[in-house]
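# Survey of secondary and tertiary structure
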Amino acid sequence: LDAEGKPEDTEAEDDSHDTEETGAPRTDMPKSGIMSDSEKKAYWGFLAQYFAVGIMDGGLPATIYPVFLGYLNVPSYVYATVGVITSLPWSFKFFFGLINDTVPIMGLRRKPYMMIGWTMCAAVLVLLYFTPLPPPYWCIDEVTGEYIKKKTLPDGSHHAADPCNTEAALSGGKYTVLMMLAALGYVIADVAADGLTTEYAKAEPMEKRGSTQTTAYLTRTIGQAFSSLFVGLFMNSKIYNGSFDWGLSFEQVCLCFAVPAVIMVPVSALMVHEPQAVVGLDGKKGLKCGEYFSMCWDLLKSKAFFYAILYMFLSPVIGGISTTASSQVKINWAGVENFQNQMFSLVGNLLFIVGLWLVKTRYLNTSWRKLLMVTMIFLNVVDAFFSTLTIFDVVRNQYFYLGETVLVEIPSAANFVVSTFIIVEMADDGNEGLVYGLMTTAGNLGSPFARAIGNQIYRYFTPSLSSADNYIEDTRAFRWTVFHSFLLSYGFAFASLGMLYFLPRQKAEAQERKKTWPRHPIYGYATIVMLSIALIYSLTVNFMSMSPSTMCMEFAGGDGCDLAPVTPPMLGNSSNASNASARLLLL
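Residues numbered from 1 in each chain as written. Predicted model: local features only at pLDDT ≥ 70, side-chain atom pairs only at ≥ 80, totals over all residues. Heavy atoms only, no water.

The next point concerns the state of the cysteines. With the rule as written, the count across this model stands at one disulfide. Each disulfide pairs two cysteine sulfurs, and for Cys139 the partner residue is Cys164, the sulfurs being separated by 1.8 Å. Judged by the sign of its S-S torsion, about 100 degrees, the cystine formed by Cys139 and Cys164 is right-handed. Residue Cys139 is found in strand β1 (residues 139-140), and its partner Cys164 is found in the loop between β4 (158-160) and α7 (172-202); the two are separated by 25 residues along the sequence. The thiol of Cys121 is not disulfide-bonded; the next cysteine sulfur, from Cys254, is found 9.9 Å away. With relative accessibility at 0%, the residue Cys121 sits in the buried group. (Disulfide = S-S within 2.5 Å. Helix = DSSP H or I, 4+ residues; strand = E, 2+ residues; numbered from the N terminus. Buried < 20%, exposed > 50% of the residue type's maximum accessible area, 1.4 Å probe, protein only.)

Encoded structure:
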């Protein structure tokens, strides 16, 4: 004891043990964090999580365009729904984080969930390998190996050719659900890795704080680039809307992606170092469910947080009500092939990084409202220029059309950065993860809700925007129909600017709202009701759009089930030859 009767070396004791007041878990990490020399194995095991997540998150969505639009020729509204459903697990990050934090397995909150997630992902990918695609929708030319999509009549007009397998357009549902389940697996692993990142970052010295997060997300971006390149090169055969005479099948690509998922199970078990939490005086370790929900409800009662939730949710809901015609314009009028599509996506990722750098170095203190308004207007004006020239056959070239997808990445980066700024300003010490989970869940729910509404609105355009036949026939009247659908999309995008009212202008206003705005249970109830209705409605409509028995319903975005069913043509010798050609191309 010192002269005042207190234990000596109190500072050293506090450095190795957390106090009861902080409630924070003890981290048995060295002071330099996960990047220290003594943690090299754990460092590579940690980064492997993000590299593998990048491979999956970049690779599986990259197969949607060649498989569902090129091979199966699903209706446009179904194609638009596929991307939403396969990314649906990201909307539940908050719930996965809740389980991570409150339900440890054998005393560990991260590693077991990584192993569970990767095991699930690998199992579903192997199942996809053993779930072969049906024969393609279009017949295959035995000489060129390309699809026969149109026929020329004696008067010189073009019409859609007779398909060889109309059932292919109805069979996308089961593959979509399996891809969603694979995504569910790697999202579970990603959430656990994010929790580990937060713990590692807290162990870093202040002057290096942020290095762990930056390195992790850069590693994930590299994984996404790698998988985009892989899909672009090896799924560019002619049956997948490509130009090569060779290539891997969708099933083989899924098996290739299963390999890193399998590897990540032992990597998670043997190489990842999870800091151990100290058992407190009350015998408890970490937060309990009751404590977690109490923190959550306390947040939801804040008017400032409610306004932030309104912006994060309503902005993508209104701005995301987009035309279902864009995919058919891309494949049938612009003629975009899979390899070029993936390469431009790769360049777009690089420009996205440039956009992040620009915002952080030059526009950090610019009004968030002005920044988002300028970038939103710029994004839609650029898109309108490229789309209009393609629709009216002024310029129909895949490189010209894909130029738009690259240019819009910089303003997209501005939108992303501002959303992260909002999360940081809304968070207080100790509830960063909770704020992040709630706000990203609200934002991610906006996309499926918007897609459900969009499917129902754009079905009223006639001739149908979802039928490839109309794009192949390419009449002047139908071009105007497509153009009007794009105009309506731009209208919704500009209408979403009205949601900027809920967004604080900058960090100082965000902090002022937190300090001075009231708290009331009505804000919490409104948030719960709003997000619950959105979740139930979007799940119902989007899954109905994928089911063969309900996808024709008007409520799901179809043209109505009272129409006479189309009878698939009888498959004769020519069809068998075409199917044989398809199988040879997959070798």
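It is worth spelling out the packing of helix α2 (residues 40-62) against helix α9 (residues 250-270) at this point. Where α2 meets α9, the axes come as close as 10 Å, and the angle between the chain directions of the two elements is 155 degrees. Compared by their axis directions, α2 and α9 come out roughly antiparallel. The handedness of the crossing between α2 and α9 is left-handed. Residue-level inspection shows Lys41, Gly45, Ala48, Gln49, Ala52, Ile55, Met56, Gly59 and Leu60 of α2 in contact with α9, the latter providing Phe257, Pro260, Ala261, Met264, Val267, Ser268 and Leu270. Here the contact of α2 with α9 is built from residues that sort into eleven nonpolar, four polar and one charged. (Axes fitted to C-alpha atoms, helices over the stretch in contact; angles between N-to-C directions. Parallel < 35°, antiparallel > 145°, perpendicular 65-115°, else oblique. Left-handed = near helix turned anticlockwise from the far one by under 90°. Contact = heavy atoms within 4.5 Å. Nonpolar A, V, L, I, M, F, W, Y, C, P; charged D, E, K, R; others polar.)

Moving on: the environment of Ser302. Inspection of the secondary structure puts Ser302 in the loop between α10 (289-300) and α11 (303-319). Assessed through its relative accessible area of 10%, Ser302 is described here as buried. Linking Ser302 and His520, residues 218 residues apart in sequence, is a C-alpha distance of 6.6 Å. Look past the residues within four positions of Ser302 in its chain and what remains in contact with it is Pro518, Arg519 and Tyr523.

Right, let's get into the packing of helix α4 (residues 76-86) against helix α21 (residues 521-546). In contact at an axis separation of 9 Å, α4 and α21 are set at 125 degrees when each is read in the N-to-C sense. Compared by their axis directions, α4 and α21 come out oblique. Judged by the twist between their axes, the crossing of α4 over α21 is left-handed. Here Tyr77, Val78, Thr81, Val82, Val84 and Ile85 of α4 come into contact with α21, specifically with Asn542, Phe543, Ser545 and Met546. Of the residues belonging to the contact of α4 with α21, the class tally is seven nonpolar, three polar and no charged.

Another point: helix α12 (residues 326-333). Within α12, six of the eight residues are buried, leaving the element largely enclosed by the surrounding structure. Considered for burial, the residues of α12 that qualify are Ser327, Gln328, Val329, Lys330, Ile331 and Trp333. A positive backbone phi angle near 65 degrees is found at Gly335, which sits one or two residues after α12.

Centre distance and the angle of the planes are the two values used to describe a pair of aromatic rings. All told, the structure shown has 34 aromatic pairs when counted by the stated rule. For the pair Phe392 and Trp480, a centre-to-centre distance of 4.9 Å together with 65 degrees between the ring planes defines the contact as edge-to-face. Taken together, the residues span a long stretch of sequence, with Phe392 in the loop between α14 (368-391) and α15 (398-407) and Trp480 in helix α19 (residues 476-495) at a distance of 88 residues. What makes Phe392 partly exposed here is its relative accessible area of 22%. Overall, Trp480 belongs to the partly exposed group, its relative accessible area being 37%. Plain terms: the ring middles of Phe486 and Tyr490 are 6.4 Å apart, the flat faces sit at 55 degrees to each other, and that makes the pair tilted. (Phe/Tyr/Trp six-rings, centres within 6.5 Å; stacked < 30°, edge-to-face > 60°.)

This part is about the side chain of Thr527. For Thr527, the position within the fold is in helix α21. Dropping the residues within four chain positions of it, Thr527 is found in contact with Leu300, Phe306 and Ile309.

Counted by the stated rule, this structure contains eleven salt bridges. Residues Lys93 and Asp190 are paired through a salt bridge, measuring 3.7 Å at the closest nitrogen-oxygen approach. One end of the pair, Lys93, is in helix α5 (residues 93-102); the other, Asp190, is in helix α7, with 97 residues separating them in the sequence. Judged by its relative accessible area of 10%, Lys93 falls in the buried class. Residue Asp190 is classed as buried on the basis of its relative accessible area, which comes to 0%. Between Asp393 and Arg479 there is a salt bridge whose closest N-O contact spans 3.7 Å. With Asp393 in the loop between α14 and α15 and Arg479 in helix α19, this pair connects stretches of sequence that are 86 residues apart. (Salt bridge = Lys/Arg side-chain N within 4 Å of Asp/Glu carboxyl O.)

Note that all results are geometric; they support no functional claim without further evidence.
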